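Notes for the structure review
Take a look at the letters that make up each chain.
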Amino acid sequence: METLSSAVTIPVAGAALAADLVVPAEANGVVLFAHGSGSSRHSPRNTSVARVLHRRSLGTVLVDLLTPQEDRVDARTAELRFDIGLLADRLTAIVDWLRTASGVAALPLGLFGASTGAAAALVAAAARTAQVGAVVSRGGRPDLAGRALSQVRAPTLLLVGGADEQVLTLNEEALGQLPDGVGELRVVPGATHLFEEPGALDEVADQTAGWFANRLH
């Protein structure tokens, strides 16, 4: 079996979302990415992490959580990128779609969220505890998941840059709201919010791949 790579359109309530699906041969799981504020499925940071996951026999789904029309509105107003309810509803619908999609339906599922996408991923994980096997947040805003944090059951890794002080504080507070034994906070020393320092994103990718490889069965 060869690597499956395809552009797909995923139907959700009131919208059709463009996505890139990659499933390596003999994949052991699949990870759905939730991009951050003002980003898209073409985020260079997320695609970089996705390539490392492929090498660890993990499939990836990178999806635009907003339609092109919505994205144009958001570029002017920046309002939809913080609509965690909308983003989480769409992620949950994508989780449901993946559970029936050819080639991935039987694979264990993880969620990877960046910035505001991390909050949406955690809300979706709380809504689909039986389907979501693990979560990783990169420079995320898990605090924006609110009361859903206490309902998360999937092992959750919070990755934060050591120099991203405000976000680090928010992650520490969110960690305390996750159920005992569910969350783990790891700090990448010297890294800022976008992990642009030499080696920082490589560290994120390695930690992410290890987390999913060990927890998606």
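Residues numbered from 1 in each chain as written. Predicted model: local features only at pLDDT ≥ 70, side-chain atom pairs only at ≥ 80, totals over all residues. Heavy atoms only, no water.

So, on to the environment of Phe195. Within the fold, Phe195 resides in the loop between β8 (183-188) and α6 (200-215). Placed 33 residues apart in sequence, Phe195 and Gly162 show a C-alpha to C-alpha distance of 9.8 Å. When near neighbours in sequence (up to four residues on either side) are disregarded, Phe195 contacts Arg138, Gly139, Leu159, Val160, Gly161, Val188, Ala200, Leu201 and Val204. (Helix = DSSP H or I, 4+ residues; strand = E, 2+ residues; numbered from the N terminus. Contact = heavy atoms within 4.5 Å.)

Let us now look at the packing of helix α1 (residues 44-55) against α6. Relative to each other, α1 and α6 sit at 45°, their axes nearing to 9 Å. One finds that α1 runs oblique with respect to α6. The hand of the α1/α6 crossing is right-handed. Each of Arg45, Ser48, Val49, Val52 and Leu53 in α1 lies in contact with α6, whose residues at this interface are Leu201, Val204, Ala205, Asp206, Thr208, Ala209 and Phe212. Of the residues belonging to the contact of α1 with α6, the class tally is eight nonpolar, two polar and two charged. (Axes fitted to C-alpha atoms, helices over the stretch in contact; angles between N-to-C directions. Parallel < 35°, antiparallel > 145°, perpendicular 65-115°, else oblique. Left-handed = near helix turned anticlockwise from the far one by under 90°. Nonpolar A, V, L, I, M, F, W, Y, C, P; charged D, E, K, R; others polar.)

Attention now moves to the sheet that holds strand β3 (residues 29-34). Read from one edge to the other, the open sheet built from eight strands follows the order β1-β2-β4-β3-β5-β6-β7-β8, with strand pairing classed as mixed. Each edge of the open sheet carries a strand with a single partner, namely β1 (4-12) and β8. The average angle at which neighbouring strand axes cross in this sheet is 20°, direction not considered. Packed on one face of the sheet, α1 meets β2 (15-23), β3, β4 (58-63), β5 (109-114) and β6 (132-138) and runs near 160° to β4. Relative to β1, helix α3 (residues 84-98) is tilted by about 125°, and along the sheet it contacts β1, β2, β3, β4 and β5. (Pairing = 2+ DSSP bridges.)

The subject of this paragraph is the side chain of Thr156. Within the fold, Thr156 resides in strand β7 (residues 156-161). Overall, Thr156 belongs to the buried group, its relative accessible area being 0%. For Thr156, the side chain forms a polar contact with the main-chain oxygen of Ala154, separated by 2.9 Å. Excluding anything up to four places from it in sequence, Thr156 contacts Leu122, Val135, Leu178, Val182, Gly183, Glu184 and Trp211. (Buried < 20%, exposed > 50% of the residue type's maximum accessible area, 1.4 Å probe, protein only. Polar contact = N/O pair within 3.5 Å; in protein donor to acceptor, adjacent residues only side chain to side chain.)

Interhelical geometry of α3 versus helix α4 (residues 116-127) gives an angle of 55° and a closest axis separation of 8 Å. It follows that α3 is oblique to α4 by the angle criterion. Two packed elements cross with a definite hand, and for α3 against α4 that hand is right-handed. Along the contact surface, α3 presents Ile84, Leu87, Ala88, Leu91 and Thr92, while α4 presents Thr116, Gly117, Ala119, Ala120, Ala121, Val123, Ala124 and Ala127. Split by residue class, the contact of α3 with α4 holds 10 nonpolar, three polar and no charged.

Right, let's get into the pairing of β2. Here β1 runs beside β2; their pairing, made up of nine bridges, is antiparallel. Across the sheet, the residue bridging to Ser5 is Val22, located in β2. Counting the residues in the hairpin turn of β1 and β2 gives two residues, including Gly14, whose phi is positive at 75°. Where β2 lies against β4, four bridges are found, and the strand directions are antiparallel. Its bridge partner lying in β4, Asp20 is registered against Leu62.

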